[in-house]
Amino acid sequence: MKKLEQLYEGKAKKVFATDEDGVVIVDYKDDATAFNGEKKGTIMGKGVVNNKMSNYVFGLLEKDGVPTHFIKELSDRETAVKKVSIVPLEVIVRNVAAGSFSKRMGVPEGKELLCPILEFSYKNDELGDPFINDDYALALGLATQDEIDTIKKYTRKVNECLKKYFLSAGMKLIDFKIEFGRLPDGTIILADEISPDTCRLWDVKTNEKLDKDRFRRDLGNVEEAYNEVFRRLGLKD
Ligand code: TMP
């Protein structure tokens, strides 16, 4: 497969065209941003961790019946994936109160929720990814009812699968964000990434944060946290 011109550069990844129909290459960067790009930095080695972890997790999810964009890992930072058009929804699941939920609802971080919460944000940087509900998504034509139903069904499966997987590596899955894409025939599949950038992961015994909150909140040991997740998941060579 030939890597051709760059199609897109996001905050954490670049996307390249290939000589194969319907296939693009994602190239994971070490760049990190927070607060809608206001805070910028570098997390050395993050691209490798996020690439390999996403690919491994996508493989597990496929086995559990969640279709994903993953095709083939090409290098430490590069992966061939199915070309999709991204559904402009950030799909968030919360198992334990943290982050914007704790702020908005006045609930202390770390409080167990009685059931998982699935919420949507409108993926729009200019607006700062505002919180929306199903009716907003339908009324704005961001997704159809069928697509929303499929996305919710897959998302709940992702949560159940990942909670068990991370717990087996000594980490609690506090919350996470995923994104879906449409294939040319309209099929919905899981896209983007699943990594310490997009999940909150706390050590099961000490509640130590092992995710991007270390960067967002200047907690230090950022690279160490990404490497620790990588090591615990058995992905380090
Ligand atoms: P929040 O508590 O800030 O709303 O974040 C919820 C989850 O979504 C958390 O696991 C981090 C992840 N997330 C992203 O992946 N991208 C983002 O831009 C934001 C704000 C959160």
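Anyway, here's the lowdown on the structure attached to this text. (Residues numbered from 1 in each chain as written. Predicted model: local features only at pLDDT ≥ 70, side-chain atom pairs only at ≥ 80, totals over all residues. Heavy atoms only, no water.)

1. Focus: the site of the ligand
Not every one of the 13 residues close to the ligand is listed here, only the nearest: Arg 94, Ser 100, Asp 175, Lys 177 and Arg 200. Here Ser 100 contributes a side-chain N or O atom positioned 2.5 Å from an oxygen atom of the ligand. One of the side-chain nitrogen or oxygen atoms of Asp 175 is found 2.6 Å away from an oxygen atom of the ligand. Protein burial of the ligand: of its 450 Å² of free accessible surface, 76% is covered by the chains. (Near = heavy atom within 4 Å. Polar contact = N/O pair within 3.5 Å; in protein donor to acceptor, adjacent residues only side chain to side chain. Areas by Shrake-Rupley, 256 points an atom, 1.4 Å probe, with all protein chains shown as cover.)

2. A word on the packing of helix H1 (residues 46-63) against helix H4 (residues 145-167)
Relative placement of two packed helices is described by the angle separating their axes and the distance separating the axes. Orientation of H1 relative to H4, taken along the N-to-C sense of each, is 120 degrees, at an axis distance of 10 Å. As the angle between them shows, H1 and H4 are arranged oblique. When the axes of H1 and H4 are compared, the crossing they make is right-handed. Note on element contacts: H4 touches H1 through Val 158, Cys 161, Leu 162, Tyr 165 and Phe 166, opposite Met 53, Tyr 56, Val 57, Leu 60 and Leu 61. Here the contact of H1 with H4 is built from residues that sort into 10 nonpolar, no polar and no charged. (Axes fitted to C-alpha atoms, helices over the stretch in contact; angles between N-to-C directions. Helix = DSSP H or I, 4+ residues; strand = E, 2+ residues; numbered from the N terminus. Parallel < 35°, antiparallel > 145°, perpendicular 65-115°, else oblique. Left-handed = near helix turned anticlockwise from the far one by under 90°. Contact = heavy atoms within 4.5 Å. Nonpolar A, V, L, I, M, F, W, Y, C, P; charged D, E, K, R; others polar.)

3. Section: the packing of aromatic side chains
All told, the structure shown has three aromatic pairs when counted by the stated rule. With 5.8 Å between their ring centres and 35 degrees between their planes, Tyr 56 and Tyr 165 make a pair best called tilted. One end of the pair, Tyr 56, is in helix H1; the other, Tyr 165, is in helix H4, with 109 residues separating them in the sequence. Look at Tyr 165 and you get buried, because its relative accessible area is 13%. Ring centres of Tyr 154 and Phe 180 lie 6.4 Å apart, and the angle between their planes is 25 degrees; on these two criteria the pair is classed as stacked. Here Phe 180 lies in strand S12 (residues 171-182) and Tyr 154 lies in helix H4, a separation of 26 residues in the sequence. (Phe/Tyr/Trp six-rings, centres within 6.5 Å; stacked < 30°, edge-to-face > 60°. Buried < 20%, exposed > 50% of the residue type's maximum accessible area, 1.4 Å probe, protein only.)

4. So, the sheet that holds strand S3 (residues 23-28)
The strand order across the open sheet formed by five strands is S1-S2-S3-S7-S6, and the pairing between neighbours is antiparallel. The open sheet has two edge strands, strand S1 (3-9) and strand S6 (70-73), and neither has a second partner. On average, adjacent strands in this sheet sit at an angle of 30 degrees to one another, irrespective of strand direction. Across four bridges, S1 lies against strand S2 (residues 13-18) in antiparallel orientation. The partner of Gln 6 across the bridge, within S2, is Phe 16. Against the sheet, H1 engages S3, S6 and strand S7 (78-82), with an angle of about 130 degrees to S6. (Pairing = 2+ DSSP bridges.)

5. Focus on helix H6 (residues 222-232)
Turning to H6, its buried residues are Val 222, Ala 225, Tyr 226, Val 229 and Phe 230. For H6, the arc enclosing every buried residue in end-on projection is 135 degrees, short of the 170-degree limit, so these residues lie on one face. Against the buried residues of H6 lie H1, S12, strand S14 (199-203) and helix H5 (213-216). Looking one or two places after H6, you find Gly 234, whose phi comes out positive at around 70 degrees. (Arc of directions from axis to C-beta.)

6. Quick notes on unusual backbone geometry
Even without being glycine, Phe 35 reaches a positive phi, approximately 55 degrees. The topology assignment puts Phe 35 in the loop between strand S4 (31-34) and strand S5 (39-42).

7. Side note on the pairing of strand S10 (residues 112-122)
Each regular strand shows side chains that alternate between the opposite faces of the sheet. In this sheet, S10 lies alongside strand S9 (residues 89-96) in antiparallel orientation, the contact comprising seven bridges. Bridge pairing links Glu 90 to Ser 121 in S10. The pairing of S10 with strand S11 (residues 131-132) spans two bridges and is classified as antiparallel. When the sheet's bridge partners are listed, Phe 120 is paired in S11 with Ile 132.

8. Here's the deal with the pattern of salt bridges
Enumeration over the complete set of coordinates arrives at 29 salt bridges. The shortest N-O distance in the salt bridge between Glu 109 and Arg 217 comes to 2.8 Å. Highlighted residues: Glu 109 in the loop between helix H2 (99-105) and S10 and Arg 217 in the loop between H5 and H6, separated in sequence by 108 residues. Residue class for Glu 109 comes out partly exposed when judged on its relative accessible area of 31%. Under the relative-accessibility criterion, Arg 217 is labelled partly exposed at 32%. Two residues, Asp 213 and Arg 217, come together in a salt bridge whose shortest N-O distance is 3.4 Å. Take Asp 213: its relative accessible area is 1%, and that puts it in the buried class. (Salt bridge = Lys/Arg side-chain N within 4 Å of Asp/Glu carboxyl O.)

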